[in-house]
Amino acid sequence: AHRGAITVDSAPGRGSTFHLYFPQAAEHEPATAPSGWGDLGSLQRDGDARPGEGRHVLYIDDDGVMLLLVERLLLRLGYRVTGYADARSAIEAVRAQPHAFDLVVSDFNMPDLSGLDVAHAIGRLHAGLPVMISSGHLSDEQRVALLRCGVRDVISKENTLEELGPAVSRLVHGAEAAARRALRAEAKATPALAD
């Protein structure tokens, strides 16, 4: 009702961490947004330049609270967001429209398919589509496997509010810059046609 959220990360032998998210009350917000994206109160305000510029992010998480929280966070940053609680449905969306998305962000630990499974599937459907993984706990072996299959970034789920915005911006705009460089290099390599 207050548009907050509670999430928990738990692992046997490591304990549990509870994350409580409280939105800042509108009447207490400053007139101008402070720099940085570290919390909900410091997100870009309506009417400000938005780093997302309407780029389309596909977000996958079986946790409904995290799904809602991340969708709202990315929308406030100016991204278009399509969220799925089911990894298979998200993969089918990419299969149906492989060039409709600028980035895929997926939870790692999900009941049906893991984030690694998602990354493999996305890589087969659209090799140039960047994939980022969010997880509470990853072993070194899991991190290596993710990087080997082309995952561009891994963020800690407990740091989602601090890390997600900058990481998404870096990947989306970095991919666009790389595509522009590739087009320029191709144009230089192609001989001009004579009139």
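Computed from a prediction, not measured in an experiment: that's the story for all the values here.

Description of the overall build of the protein chain
Then, in step 1: Counting secondary structure elements, the protein chain contains five helices and seven strands.
Then, in step 2: N-terminal to C-terminal, the α/β element order of the protein chain is β-β-β-α-β-α-β-α-β-α-β-α.
Then, in step 3: Of all 195 residues assigned to the protein chain, the portion counted as buried reaches 41%.
Then, in step 4: A separation threshold of at least 6 residues defines the contact pool for the protein chain, and within that pool the share at least 24 residues apart is 61%.
Then, in step 5: Accessible area of the protein chain: about 11000 Å², with a carbon and sulfur share of 53%.

A word on the environment of Ala100
Then, in step 1: Among the secondary structure elements, Ala100 is positioned in the loop between α2 (87-96) and β5 (103-107).
Then, in step 2: In this structure, the C-alpha to C-alpha distance between Ala100 and Leu58, residues 42 residues apart in sequence, is 9.4 Å.

A word on the pattern of salt bridges
Then, in step 1: By the definition in use, this model includes six salt bridges.
Then, in step 2: With its nearest N and O atoms 3.1 Å apart, the salt bridge here joins Arg95 to Glu92. Of this pair, Arg95 and Glu92 both sit in helix α2, separated by three residues, roughly a single helical turn.
Then, in step 3: With a relative accessible area of 42%, Glu92 lands in the partly exposed category.

Some points on α2
The periodicity of an α-helix, 3.6 residues per turn, causes residues three or four places apart in sequence to face the same way.
Then, in step 1: Looking at α2, one finds that the buried residues are Ala87, Ala90, Ile91, Ala93 and Val94. Along α2, the residues classed as buried sweep out an arc of 155 degrees about the axis, all on the same side.
Then, in step 2: On the buried face of α2, the contacting elements are β3 (56-60), β4 (80-84) and α3 (115-125).

Remarks on the environment of Met132
Then, in step 1: With respect to the element layout, Met132 can be found in strand β6 (residues 131-135).
Then, in step 2: Owing to a relative accessible area of 0%, Met132 belongs among the buried residues under this scheme.
Then, in step 3: Remark: the alpha-carbon pair of Met132 and Arg152, spanning 20 residues in sequence, is separated by 5.7 Å.
Then, in step 4: Every residue in contact with Met132, bar those within four places of it in the chain, is listed here: Leu103, Val104, Val105, Ser106, Val151, Asp153, Ile155, Leu164, Ala167, Val168 and Leu171.

Digging into helix α1 (residues 64-76)
Then, in step 1: In this model α1 runs 18 Å from its N-terminal to its C-terminal C-alpha over 13 residues, within 8% of the 18 Å that 1.5 Å per residue would give.
Then, in step 2: At the N-terminal boundary of α1, the capping side chain belongs to Asp63, with an oxygen 2.9 Å from the backbone nitrogen of Val65.
Then, in step 3: Backbone geometry just after α1 places Gly78 at a positive phi near 95 degrees.

With respect to the confidence of the model for the protein chain
Low pLDDT marks regions whose predicted coordinates should not be analysed in detail.
Then, in step 1: Residues at a pLDDT of 70 or more form 73% of the protein chain, whose mean pLDDT is 79.
Then, in step 2: Averaged over each element, pLDDT in the protein chain is lowest for helix α5 (residues 160-189) (72) and highest for α2 (96).
Then, in step 3: Note on residues 28-49: pLDDT under 50 across the span, and 38 contacts to partners over four residues away in sequence or across chains.

Description of the side chain of His126
Then, in step 1: One can find His126 in the loop between α3 and β6.
Then, in step 2: The class of His126 is buried, set by a relative accessible area of 17%.
Then, in step 3: Among the polar contacts made by the side chain of His126, one reaches the side chain of His99 at a distance of 3.2 Å.
Then, in step 4: In this structure, His126 is in contact with Pro98 and His99, ignoring residues within four places of it in sequence.

What counts, and where the lines are drawn
Residues numbered from 1 in each chain as written. Predicted model: local features only at pLDDT ≥ 70, side-chain atom pairs only at ≥ 80, totals over all residues. Heavy atoms only, no water. Helix = DSSP H or I, 4+ residues; strand = E, 2+ residues; numbered from the N terminus. Buried < 20%, exposed > 50% of the residue type's maximum accessible area, 1.4 Å probe, protein only. Contact = heavy atoms within 4.5 Å. Areas by Shrake-Rupley, 256 points an atom, 1.4 Å probe, with all protein chains shown as cover. Salt bridge = Lys/Arg side-chain N within 4 Å of Asp/Glu carboxyl O. Arc of directions from axis to C-beta. Expected span 1.5 Å × (residues − 1). Polar contact = N/O pair within 3.5 Å; in protein donor to acceptor, adjacent residues only side chain to side chain. pLDDT = per-residue confidence, 0-100.

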